[in-house]
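# Observations on chain architecture
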Amino acid sequence: QVQLVESGGGLVQAGGSLRLSCAASGRTFSLYAMGWLRQAPGKEREFVAAISWSGGTTDYADSVKGRFTISRDNAKDTVYLQMNSLKPEDTAVYYCAAARIDLRIGVRPDEYAYWGQGTQVTVSS
């Protein structure tokens, strides 16, 4: 089991920045590729960003490329999502997740085995 706790969400104006953090506990964090996914009201959960266990490979949804950066610190069992140039359409609950252990990286919600409780990000226009 992996337990995940997100923090750093909040209300920000369009064009602003937020940094989300996700602290992991339980099984060895460095074994897992990690990701951030989000769900807006009335919409399905969607992939945002992912990072391999070593941090050497990252992937992003087209909608956030060039604005968001995922990173991890395996010594601190933490993964981060730096979000810049935020837009109102980025408003959603953001979830941290650990991918299935057999995957190098996950880009779909069904590729993730463990989830945090989510943190709300609201971007005002």
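Up top is the structure.
For every chain, the first residue of the written sequence is number 1, and numbering continues from 1 along that sequence. Local features in this predicted model are restricted to residues of pLDDT 70 or higher, and side-chain atom pairs are both shown and tallied only at a pLDDT of 80 or more, whereas totals for entire chains, interfaces and linings draw on every residue. Think of the side-chain values as coming from all heavy atoms in the structure, minus any hydrogens and water.

Cysteine sulfur atoms are paired as a disulfide whenever they fall within 2.5 Å. The tally for this structure, following the rule as stated, stands at 1 disulfide. Across the disulfide from cysteine 22 sits cysteine 96; the S-S distance is 2.1 Å. Between cysteine 22 and cysteine 96 the disulfide shows an S-S torsion of about -75°. By sign, it is left-handed. With cysteine 22 in strand E3 (residues 18-26) and cysteine 96 in strand E9 (residues 92-99), this residue pair connects regions lying 74 residues apart in the sequence. The burial state of cysteine 22 is the same as that of cysteine 96; both residues are buried. Runs of H or I in DSSP of at least four residues are treated as helices and runs of E of at least two as strands, each being numbered from the N terminus. Residue burial is assigned from relative accessible area. The probe radius is 1.4 Å, only protein chains are included, and a residue is buried under 20% of its type maximum, exposed over 50%, and partly exposed in between.

Below, the discussion takes up the nonpolar core. By size, the foremost hydrophobic cluster in this structure holds 39 residues, and its most contacted members are Leu4, Met34, Trp36, Val79, Leu81, Met83 and Tyr94. Ranked by residue count, the leading element in this core is E9, at 6 residues. By convention a nonpolar core is built from buried Ala, Val, Leu, Ile, Met, Phe, Trp, Tyr and Cys residues, the set being connected through side-chain atoms within 4.5 Å.

So, on to the sheet that holds strand E7 (residues 68-73). Within a sheet, neighbouring strands are paired by backbone hydrogen bonds and run either parallel or antiparallel to one another. Note on pairing: two strands pair once DSSP finds at least 2 bridges between them. One open sheet holds the 4 strands; their spatial order is E1-E3-E8-E7, and the pairing between them is antiparallel. Each of the sheet's edge strands pairs with one partner strand only, and the pair in question is strand E1 (2-7) and E7. Sheet twist, expressed as the mean angle between neighbouring strand axes with direction ignored, is 15°. Two strands pair when backbone bridges link them, and E7 and strand E8 (residues 78-83) are joined in this way by 6 bridges, in the antiparallel orientation. Along E8, the bridge assignment pairs isoleucine 70 with leucine 81. Axis lines are fitted to C-alpha atoms, over the contacting stretch for helices. Their N-to-C directions set the angle, which ranges from 0 to 180 degrees.

Take it as geometry only, folks, not as evidence of what the structure does.
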